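Now for the letters of each chain:
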Amino acid sequence: MSPVRRAVPGDAEEVLRLRQVMIDSMAAAPTSAEWHAESLPTLRARLAEPDGQFAAFVVDHPDRPGALAALVAGTLEYRIGRSGNPHGTIGYVFSVATDPDARRRGYARACMAGLLDWFRERGAGHVMLTSSAAAEPLYASLGFTRDADPSMRLYL
């Protein structure tokens, strides 16, 4: 298996491609990728911040030079502390994707391990994510448990 590494600005187009793979896997039909061009400069800037609150871990595609096989991305957030997490730092995983022709090789698991280590090194008290039914066994095997509280969203 290719080694996991932290994504760099030069990976931004491939990171967006894999994010689209994830988005399309959850949609009833493929969605538009028109937003990529507008998102690219911001993503490149975030990937260039070694001490920022965002990180992406990737595996290079073994069969396609310049392409990525897998991606896991997340952010650190501050919430007011509580029992078990008095400093209030939490990790949030929001993008996990593997190229369709590179699945079932352990790449997503390896990228998740890299991101979880990054969260630990930065003092996260816990990590949150939203899982598809298909991905839940992976997360459960890493120690994630299902929350009782439902998530809600407001688009602004």
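See the structure shown above.
Residues numbered from 1 in each chain as written. Predicted model: local features only at pLDDT ≥ 70, side-chain atom pairs only at ≥ 80, totals over all residues. Heavy atoms only, no water.

Enquirer: Which parts of the structure should I look at to understand unusual backbone geometry?
Expert: One can expect most non-glycine residues to show negative phi and most peptide bonds to be in trans. Of note, the phi angle at Arg104 is positive, near 70°, even though the residue is not glycine. Locating Arg104 in the fold gives a position in the loop between β4 (89–98) and α3 (107–121). (Helix = DSSP H or I, 4+ residues; strand = E, 2+ residues; numbered from the N terminus.)

Enquirer: Any chance you could explain the nonpolar core here in plain terms?
Expert: For soluble globular proteins, nonpolar side chains are generally found buried alongside one another. Membership of the largest hydrophobic core comes to 22 residues, with the highest contact counts inside it found for Met112 and Leu115. Elements represented by at least two residues in this core include exactly β2 (54–60), β3 (68–78), β4, α3 and α4 (136–141). Per-element tally for this core: the top contributor is α3, with eight residues. What Leu115 contacts, discounting residues up to four positions off in sequence, is Ala55, Phe57, Val72, Ala73, Gly74 and Val93. (Core = buried A, V, L, I, M, F, W, Y, C linked by side-chain atoms within 4.5 Å. Buried < 20%, exposed > 50% of the residue type's maximum accessible area, 1.4 Å probe, protein only. Contact = heavy atoms within 4.5 Å.)

Enquirer: How should the packing of aromatic side chains be read in this particular structure?
Expert: Counted by the stated rule, this structure contains three aromatic pairs. Between the aromatic rings of Trp118 and Phe119, the centroid separation amounts to 5.6 Å while the plane-to-plane angle is 55°, which identifies the pairing as tilted. Across the pair, Phe119 and Trp118 agree in class, each one buried. (Phe/Tyr/Trp six-rings, centres within 6.5 Å; stacked < 30°, edge-to-face > 60°.)

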